[in-house]
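Descriptive structure summary
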Amino acid sequence: MSRYNKNSPSEGNCGKRTRGQFESDNLLSSLLQSPPPSSSSSSSLQHLVEHLRVKPNNKHIDPPSSPPPSPPPQETIHFYSEKDIWGELSNFYHLSPPLIYKGHKYATSEHLYHCLKYMPPNASQKSLEYSEVIRISSTPYKAKILACQKATGPYKWQQDLRKIIKQYEDVDIRADWEEVREEIMLLCLRLKFAENKHCRGVLLSTDSKILCEHTSRDTYWADGGDGSGLNRLGYLLMQVRSELQSKSKILHKETIT
């Protein structure tokens, strides 16, 4: 059995010696074992020997190319207040025209989100009444206070809210709210950016950047102020943006076809 491994990757011809290599080795061996050549043939013999010797391969080998540079970190857009830059991404942003859901107008997506806490299937009449109270509240912050049924503070508007909450203290948020709140939020965002051209344009202008609600007041919907939060609102906004981008591509393709 041959001592060469035909499968060895280091052997260019699978470890087998060619006929030409055997002939060269035999000729070289016979020449080296012959008596010393005469002076007349020494020059030609030396030339033949040198010709048959294996010469090192001095061909230049380029070093392996360096790995490509890492891509730059993806840019992040932080938003929070509806009055600041990127305020259109906030649920507190006042919509003009208002958002329409099942024939009713909502001043902000925040209003709609909190109203839906009290509009489950087979909701009681009183629950629907309280949802209407939330819908017509003058600001998204008041809508949130009413939905959470917690109004503290000495100001008259806070006292007025407490009186309203007391009338509906026996009305509870839908029992499955923790399970459906992201689905509800996604619905609100889809409606907002589908209906409002200005807000849709702002969202699409963010391209592929990371969207992050930046505040220490919320660790679920926002980043917690220090990045420890879940930023669920930011991720849902990016999902809606992706959906709008795909729809825009389809409409553009249909237009040019």
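Just above, that's the structure.
Quick look at the structure, then. (Residues numbered from 1 in each chain as written. Predicted model: local features only at pLDDT ≥ 70, side-chain atom pairs only at ≥ 80, totals over all residues. Heavy atoms only, no water.)

On to the pattern of salt bridges, then. Any two side chains of opposite charge can pair, on the condition that their charged atoms come close. Applying the stated rule across the entire model yields 7 salt bridges. With its nearest N and O atoms 2.8 Å apart, the salt bridge here joins R232 to E182. Separated by 50 residues along the polypeptide, R232 in helix α9 (residues 232-256) and E182 in helix α7 (residues 177-195) bring together distant segments of the chain. Taking relative accessible area as the criterion, E182 reaches 21% and is therefore assigned partly exposed. (Salt bridge = Lys/Arg side-chain N within 4 Å of Asp/Glu carboxyl O. Helix = DSSP H or I, 4+ residues; strand = E, 2+ residues; numbered from the N terminus. Buried < 20%, exposed > 50% of the residue type's maximum accessible area, 1.4 Å probe, protein only.)

What follows is about unusual backbone geometry. With an omega of 0°, the peptide bond between S96 and P97 qualifies as cis. Counting through the fold element by element, P97 comes out in the loop between β1 (76-79) and β2 (99-101). Although it is not a glycine, K102 sits at a positive phi angle of roughly 50°. Within the fold, K102 resides in the loop between β2 and β3 (104-106). Residue K102 is classed as exposed on the basis of its relative accessible area, which comes to 67%.

Another point: the side chain of R181. By the element assignment, R181 lies in helix α7. We classify R181 as buried; its relative accessible area is 18%. In this structure R181 touches Y113, Y220 and W221, once residues within four positions along its chain are discounted. (Contact = heavy atoms within 4.5 Å.)

This part is about the environment of Y141. Of note, Y141 is situated in helix α5 (residues 140-148). Taking the C-alpha atoms as reference points, Y141 and H111, 30 residues apart in sequence, are found 8.8 Å from one another. Other than its neighbours up to four places away in sequence, Y141 contacts F92 and W157.

A few words on α7. Over its 19 residues, α7 runs 25 Å from end to end, which matches the ideal 27 Å to within 8%, given 1.5 Å per residue. Regarding α7, the residues found buried are W177, V180, R181, I184, M185, L186, C188, L189, L191, K192 and F193. (Expected span 1.5 Å × (residues − 1).)

Any two packed helices are characterised by the angle at which their axes cross and by the distance between the axes. Taken N-terminus to C-terminus, the directions of α5 and helix α6 (residues 156-167) make an angle of 40°; their axes are 10 Å apart at the nearest point. Relative to α6, the element α5 is oriented oblique. Between α5 and α6 lies a crossing whose hand is right-handed. Residues Y141, K142, I145 and L146 of α5 form the contact with α6, whose own contacting residues are W157, L161, I164 and I165. (Axes fitted to C-alpha atoms, helices over the stretch in contact; angles between N-to-C directions. Parallel < 35°, antiparallel > 145°, perpendicular 65-115°, else oblique. Left-handed = near helix turned anticlockwise from the far one by under 90°.)

In the structure shown here, the tally under the stated rule is 7 aromatic pairs. Note on Y118 and Y130: the rings are 5.1 Å apart at their centroids and 85° apart in plane angle, and the pair reads as edge-to-face. Here Y130 lies in helix α4 (residues 125-135) and Y118 lies in the loop between α3 (109-115) and α4, a separation of 12 residues in the sequence. Both residues of the pair, Y118 and Y130, count as buried. (Phe/Tyr/Trp six-rings, centres within 6.5 Å; stacked < 30°, edge-to-face > 60°.)

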